[in-house]
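Results of the structural survey
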Amino acid sequence: SCSLCVCLYLSISYQHGATYTCDVEFGCNELNPETNWVMDIGQALDILSEVLKKYNLKNLDEVFPNKQLTTTEFMAQQIHRDICDRLRGKFDGDVCVKLWESHKAWATYTAKVE
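Everything in this summary refers to the structure shown in the same document.

Conventions we followed
Residues numbered from 1 in each chain as written. Predicted model: local features only at pLDDT ≥ 70, side-chain atom pairs only at ≥ 80, totals over all residues. Heavy atoms only, no water. Helix = DSSP H or I, 4+ residues; strand = E, 2+ residues; numbered from the N terminus. Rg over C-alpha atoms; globule rule 2.2 N^0.38 Å. Salt bridge = Lys/Arg side-chain N within 4 Å of Asp/Glu carboxyl O. Buried < 20%, exposed > 50% of the residue type's maximum accessible area, 1.4 Å probe, protein only.

When you go through the protein residue by residue, the secondary structure sums to 3 helices and 4 strands. Counting from the amino terminus, helix and strand elements in the protein follow one another as β-β-α-α-α-β-β. Against the globule reference of 13 Å for 114 residues, the protein gives a C-alpha radius of gyration of 14 Å, in line with a compact fold. Overall, the C-alpha framework of the protein stretches about 50 × 30 × 20 Å when taken along its three principal axes.

The following block contains the structure:
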């Protein structure tokens, strides 16, 4: 299998505020035969930047007003869903979102783009 990883920082606010590092891994069984890559790294960074804009420097209580518990696990899954919404029909593989609170605490969500 093949993979490409991209990383950006995310600063969000809820109760005390938090800064996360968001790693995203795009994985597939075979490299694209025309380009010999998993996906264009510029496209990967653009997608992640666009997704994180929704949450960066925001109060999650306002982004999710239905009193959703915005745990790190929940946010990893939500970011994954947002990325997949942009990749559907354009990428055949898995996406793994790893959201780091610190070097000791993180959550990961991995699933196929469907």
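Now for the pattern of salt bridges. The final tally for this structure, using the stated rule, is 3 salt bridges. One salt bridge in this structure joins Arg86 and Glu50, with 2.9 Å as the shortest N-O distance. Here the residue Arg86 occupies a position in helix α3 (residues 72-87), and Glu50 occupies one in helix α1 (residues 41-53), the gap between them amounting to 36 residues. Measuring nitrogen to oxygen at the nearest pair gives 3.1 Å for the salt bridge that ties Asp85 to Arg88. Overall, the relative accessible area of 46% leaves Asp85 in the partly exposed class. Residue class for Arg88 comes out partly exposed when judged on its relative accessible area of 43%.

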